Amino acid sequence: MIEHVKTIAKQLLESGQITGFLSLKKEHGQIGPHLFQSVDQLDYLCLGDTTGTENRESSTEERYSGTVESKPEIETNRASGKQENQSGAGKSRYPLNKILVRISRNYPSDCFGILVRGCDERGLKRLFALNQLDPDKVVRVGIACPQDLADECECLEPWPDKWVNDTEKTDGSEKEKIDGTEKSDKAPHEPVRQKLPCESVARLESLEARDRFDWWMEHFARCIKCYGCRDICPMCFCKECSLQDDNLVRTGEIPPEYPVFHLARAVHMAERCIDCGLCSEACPAAIPLRTLYKKAGDIMSNESGVRPGYSDLTPSDIGNLPQTGEY
Amino acid sequence: MDYRTVLTTCPYCGCGCGLYLEVLDNKVTGTIPCKTHPMNQGKLCVKGWNVHEFVHNPNRLTCPLVRKNGSFAEVSWDEALDYTASRLKAAKERHGSRSVAFMASAKVTNEENYLLQKFARAAIGTNNIDHCARL
Amino acid sequence: MAGLAAAFGSGAMTNSVAELEDSDCIFIIGSNTTSSHPLVAEKIFKAKKRGAAIIVADPRRTQIASIADIHVRQNLGTDVAFINAMMHAIIKNSWHDTGFISQRTEGFEAFKENINAFTVDKMADVTGICADDIVKIAQLYANGKASSIVYCMGITQHVSGVDNVKSLANLAMLTGNLGRESTGVNPLRGQNNVQGACDMGGLPNVYPGYQPVNSEDVRKKFETAWSFEISKDAVEPDSSEEKSSMGLSADVGLTIPEMLKGLGDGSVKALFVLGENPMVSDPDTNHVRKALQSAELLVVQDIFMTPTAEMAHVVLPGACFAEKDGTFTNTERRVLRVRKAIDPPGEARQDWQIIQDLSSLAGYPMNYESPDEIMNEIAKVTPSYGGISYERLEGDGLQWPCPSLEHPGTGFLHKERFTRGMGLFHVIDYIPPDETVDDEYSFWLTTGRTYVHYHTGTMTRNSPSLNAEMSEGFIEINPSDAEELNLAQGQWVKVASRRGEVIVKIIITDTIGKKVVFMPFHFIESQANLLTNPAFDPTAKIPEFKVCAVRIEKMVKAQH
Ligand code: SF4
Ligand code: SF4
Ligand code: SF4
Ligand code: SF4
C-alpha cells in the first residue's frame, strides 16, 4: 500500500499539480508529520503505523534488552483497557487536516495533496463546508484502516470514499485502482461498520445516571488543563476559544472547573467532531474524551439527523440510535 | 514556500517531552507532540503546547549590549567579546582566578554547559562554577 | 543530589519515569506533580488505574493529592520526623526486607538504634499527621511488591534538604525497594536540563561525570585531555599548594550563595551568568541585588532582558532551544537531541559559539565546528557518557550510564550493586526549620510553581497563551484564616517577612492548610523571593525556599 501512496505522491508532485504532499515521515527514529515538497524525500514517507515495515528501529529494542527487562510499548491508550490493535496501524496519526488549514491560510492559491484515512476525510468534508479549506485546492490520497484499528476506534466508517488498494501485489490487474480518483464500490474488509451506539457509549448508558456522573467526575478531576484535546483537534479552529473565556471557566487553576470545562467542549464540538480520537490520544489525564464526544454526536444526530462528516449515513442508521437524554 | 517540522525536546521541565516545531517560511508557528517519543507518546502539558510562542517575541535580545555611562549601548560582537574577555582576564590577573565566578545554566544544552565549565576551569583557572540545580 | 550520592554513590533518579506505571505503591512527597511534571503525573494516573496505591504527603492539597488514596499534610519542614516515624513503624512490625539489608547495605545497626526514638505517637505531634495514617502509609509502602518514591523541591529546598533525601534513601533500602524495575528513589528535576548541567560539571566540586576536582588522577586526566599547557598562566597566583604543579585548580570552587557573599565582601569581582536569573530565582532578592551591584564586572548571556541582565555591564544575546543543536538530559538521565529549527533573531548567536569565542580571546583557543564535535569530546572525558554520540541518540535517546558504544543505556540504577558498592544507611535526626513563626510573623510561607509558568517566567510570561492563563502572582490562604483577617477573595494584601515585603492578591482556598500560605515564585512584581529565607542546607547549599515566617496585612486600597 505504502509504495502506491509514494507512487501517487510522486506523480502529483512531478505533474506540478500540487505544491506539496502532506503525510508522515520517519526521521530520527520517530514518526511525524511532513510536507513532501520534492520527490527525492519520498523514501521517508510512512503511513503512521508502528509495527511491520514501519516498526521502530530494531536497535531501539536491542538497546533496551541490555539493562531494562521490558520496555513499555508505544501504546496510545493503555489506561483505557481496550484491546490494542495488533497491526499497530494508525498508532502515530497526526492532525494533518489542521496542518493543512494552517498552511493554506498562508498559501491560499496553492494546491496540496494529503494522506487521508476515513476520519481525515470526514474532517475535510466538514472543513470544506465550514469554509476553512477550498475543495479545489486539496487532492486526497486515501487509505483504508485495517479491522483491528477500526475496532479499537469503534469506527463507523474506517475508510475514505476512495482509497489506495491493497491487493495489487497478488493481482496486478488492480493497478488502475491506485490513481486515487475512482470511487471504490467495495469495502476493503468485512465486517465494516460498528453498531450504534458504540460499545463504550453503551457501557456507560447501562450505568445509573448518578454513577455515570460520578464516573465522569472522577475522570475530569485528573484534567491538567493542557488544552491538548483542543490543540490536537483537526476541527478546532476558533480564534476565541470558549474554554479560555473567564466567564465560562475560571482561568488559573487545575483541574479546571469540571464538568463545565469538558461539557463546554463537548457541546461546542457536537456539530464538528468527526470522531478521529486524536484528543483521547493526546490527553495526559487519560480521560476517555472520545467516548464523551461520541455520545454528544449521538445526541446531536438524534436531534438534527446529521452526523458530521458522514455523507452517506442513511436516516435509518441514525434512526437506530437510542433516544437517550442527559449526560 | 517552505514548511518543515523539526523534532526537538521541550525546554521547560525535566520531563524532556519530544515535540515537533512547525516552521513555515522560517517562522516557528506551532508545536505538535511526537507520538512515538518514549517520554510523552503524543502528549504535552500547557507549557509544551505553547513552547513556540516566546521564540519570536519582540522582546528577544538581538544585539550585544555594553553599559556605557550608565546605560546600555548596542555594540558589535567584536567589541562586546573583546571587552568581556579583557575584563575577565584583568580580574584574573589582578585578583586571582578565584575572583571570577560562573553561573552555568539548566536551560542551555549539555554541550554549552560543558564548554562553560571548560572555559572557567581551563581558561580562567577556577572551579567557581555552579548552577541553580539547588533552586 | 548530595543526599542520594552519599547513600548510593549516584545522585540521579534511580529509575525511569515509565516504570512508575507498573509500581504497586507510589509515595509522592514534596512534589506538585501535575503542575511541575505533568508527564510524570500521567504515568502516576496510569499506575492508579492499574490499582497502585498513591500516597501524597504535601502541606497543600494539590491536584495529585486530591486523586491520591491517602493524602497527609505534614507541618512545614518536618519531613525527617515523618519518614523516621514511618521507618519506626516498619521495623516495629517487621515489614523491612532483612535479606536486602544484610546483602546490599551497611550502617543498619546504628540507623536502627537512632530510629528507636522516633515513635509514631511522638512524631504524630511533631508532624501534625495522625499516628494511624503514618502506620498505614508505612504499611502500604513497605508491603508493595514494587514501591516507588517520587520527590521534588518540596523535599530539597530546606535547611534539612540533604537529610530529607537521605531519609528517603533509608526508607527505600529498609524495604528493599531499589535496584529493580518500578522501585527506587526518584527526584524530579525542576528544569529541563538541571540533570545535564550537573552531569557536565556545572558544579564547583566536580568535572563532567561527577569526577572530583580534588582528585589528583582526575585532574591529570583533564589536563591531558584539555592540552593544558596552552594556558599555563591560568593558574591562580594565590593558591599556595597548587602553585608548583601549574595545572588545573584543585580547590573546590564557590557555590552560588558563596559567590553572592563573595561579591558582597569583595573577594569575587567578576560574575558570568549564562541563562540564569538570580534576581528572581534566588532567595532574599534584596540581598542578591546588593551583591550583583557590587560586582566589578557582571556579564549576562540570555535571550531576554531579565531583571538580572538589567544590572549587567555586558549583555550577550544567546539563542533559544529552537535555534540550536545540542542535547538536554531529562530527569530520568535520558540524553535527548535538541535540533535547530530556525536562525537566532538579529545578531543573536548560539551560546556555544559565544563561549568558544570568548575562550579563544581570553587565551585558551577553542575551535569546535559543531555541538556534535563537543559531544564527542564529552564522551571521551565522561565515563557515564562514554557511549553517547549524536548518531546513537537518534530514536529514543540514551539513558546514562552508557559507558561504551555497545552499551544499551541504563533504565534503572543499582541493579546488582550500588554505585558506591554497599548502600549506606545514614543516621538522621530531625532539625526544625531555620525560621519559625512567632507572634509578629505568624504564618508559614511556602513557595512553588504553577501549572502555567516555569521558573522565573522568562519564557512563559513572554508567551501570550500562557500569560493569558495566569498573568499575575497571588497568595493562597485558607478560608478560616481569611475570615479571621477579614479578607475577601481577590483582595490585595501586604505580605512581610523579616527580609522584605510584597503586595499581592489573595486566593482563598482550602487547598492550603490553616496558618500556611503559598506563593508562586514566577512573578517579579509580586516576588516571593523578596520574602524567602537564604538560610541554606550546610551540604547541598540549597536555600530554604519552602519555609519562612510571614505576616499578612490587609490593604485598605487596591493597588499595583
Ligand atoms: S477513526 Fe476510523 S478512519 Fe480514523 S483511524 Fe480510526 S478506524 Fe481509521
Ligand atoms: S475525536 Fe476529538 S480530536 Fe477528533 S474531531 Fe472529535 S473532538 Fe476533535
Ligand atoms: S487533553 Fe485531557 S488533560 Fe488536557 S485539557 Fe483536555 S481533557 Fe484536560
Ligand atoms: S511539555 Fe510539559 S511536561 Fe513535557 S517537558 Fe515540556 S513542560 Fe515538561
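The model shown is predicted, which means the values in this text are computed figures rather than measured ones.

Participant: Can you walk me through the overall build of chain B in this structure?
Facilitator: Helix and strand content of chain B: 3 helices and 7 strands. Relative to the 2.2 N^0.38 estimate, which gives 14 Å for 135 residues, the radius of gyration of chain B is 19 Å and therefore markedly larger than a compact globule would have. Each of the 135 residues in chain B was classed as buried or not, and the buried ones make up 75%. For chain B, restricting intrachain contacts to residue pairs at least 6 apart in sequence, the fraction spanning at least 24 positions comes to 29%. For chain B, the accessible area works out to roughly 3300 Å², and carbon and sulfur atoms hold 46% of it. Each charge class in chain B can be summarised by its mean position, and for the 17 positive and 12 negative side chains these summaries are 9 Å apart.

Participant: I tried to follow the site of ligand 4 on my own but got confused; where do I start?
Facilitator: Taken together, B:Cys10, B:Tyr12, B:Cys13, B:Cys15, B:Gly16, B:Cys17, B:Leu44, B:Cys45, B:Lys47, B:Gly48, C:Pro38 and C:Leu39 form the complete shell of residues around ligand 4. Ligand 4 sits at the junction of chains B and C, each of which supplies nearby residues. Those elements that place two or more of their residues in the shell around ligand 4 are helix H1 (46–49) of chain B together with helix H3 (38–50) of chain C. A class-by-class count of the residues in the shell around ligand 4 yields 9 nonpolar, 2 polar and 1 charged.

Participant: Looking at this structure, how should I read the interface of chain B and chain C?
Facilitator: Accessible area lost on assembly of the parts is the figure often given for the size of an interface. Listed as interface residues are 98 residues of chain B and, on the opposing side, 150 residues of chain C. A combined buried area of about 10700 Å² lies between chain B and chain C, and 64% of that area is made up of carbon and sulfur atoms. Seen at the junction of chain B and chain C, the total is 3 salt bridges. With a shortest N-O distance of 2.9 Å, B:Lys118 and C:Glu377 are connected by a salt bridge. If you look at where chain B meets chain C, you find 57 residue pairs in polar contact (both at pLDDT 80 or more). Considered class by class, the residues forming the side of chain B that touches chain C number 50 nonpolar, 28 polar and 20 charged. Relative to strand E11 (residues 314–317) of chain C, strand E4 (residues 65–68) of chain B is paired through 2 bridges, and the arrangement is antiparallel. Across the sheet, residue B:Leu65 finds its bridge partner in E11(C), namely C:Val315.

Participant: Looking at this structure, I do not really get empty space enclosed by the protein. What am I missing?
Facilitator: Vacant regions in the atomic arrangement are exposed by a probe of water-molecule size rolled over the atoms. For the structure on display, the rule yields 18 cavities of 30 Å³ or more. There is about 390 Å³ of room inside the largest cavity. Within the residue set of the lining of the largest cavity, elements represented by two or more residues are helix H10 (153–156) and strand E16 (443–448) of chain C. With 3 residues, E16(C) is the largest single contributor of residues to the lining of the largest cavity. Considering only residue class, the lining of the largest cavity consists of 8 nonpolar, 15 polar and 5 charged. Both domains that meet at the lining of the largest cavity, namely domain 1 (2–189) and domain 3 (443–554) of chain C, each give it at least three residues. B:Lys107, B:Val108, C:Ile303, C:Ala319 and C:Cys320 are the residues nearest the centre of the second largest cavity, which is lined by 16 residues in total. Its residues assigned to classes, the lining of the second largest cavity shows 8 nonpolar, 4 polar and 4 charged.

Participant: What should I look at first to understand the pairing of strand E6 (residues 100–103) of chain B in this one?
Facilitator: Burial along E6(B) is two-sided: the face carrying B:Val100 and B:Phe102 and the face carrying B:Ala101 and B:Met103 are both buried. For E6(B) and strand E9 (residues 270–274) of chain C, the ladder comprises 4 bridges, and the chain directions are parallel. For B:Phe102, the partnering residue across the bridge sits in E9(C) and is C:Phe272. Relative to strand E7 (residues 129–130) of chain B, E6(B) runs parallel, the two sharing 2 bridges. Paired with B:Met103 across the strands is B:Asp130, a residue of E7(B). In the classification by handedness, the crossover that spans E6(B), the intervening helix H3 (residues 110–124) of chain B and the parallel E7(B) is right-handed.

What counts, and where the lines are drawn
Residues numbered from 1 in each chain as written. Chains lettered and ligands numbered in written order. Predicted model: local features only at pLDDT ≥ 70, side-chain atom pairs only at ≥ 80, totals over all residues. Heavy atoms only, no water. Helix = DSSP H or I, 4+ residues; strand = E, 2+ residues; numbered from the N terminus. Rg over C-alpha atoms; globule rule 2.2 N^0.38 Å. Buried < 20%, exposed > 50% of the residue type's maximum accessible area, 1.4 Å probe, protein only. Contact = heavy atoms within 4.5 Å. Areas by Shrake-Rupley, 256 points an atom, 1.4 Å probe, with all protein chains shown as cover. Lys, Arg positive; Asp, Glu negative; His and termini not counted. Charge placed at Lys NZ, Arg CZ, Asp CG, Glu CD. Near = heavy atom within 4 Å. Nonpolar A, V, L, I, M, F, W, Y, C, P; charged D, E, K, R; others polar. Buried area = accessible area lost by both parts, 1.4 Å probe. Salt bridge = Lys/Arg side-chain N within 4 Å of Asp/Glu carboxyl O. Polar contact = N/O pair within 3.5 Å; in protein donor to acceptor, adjacent residues only side chain to side chain. Pairing = 2+ DSSP bridges. 1 Å grid on protein atoms, 1.4 Å probe; cavity = no way out; pocket = protein on both sides within 12 Å on 5 of 7 lines; lining within 4 Å. Points joined across faces, edges and corners; volume = space filled by probe spheres on them. Domains from an automatic or database assignment. Right-handed = clockwise from strand over helix to strand, strands pointing away.

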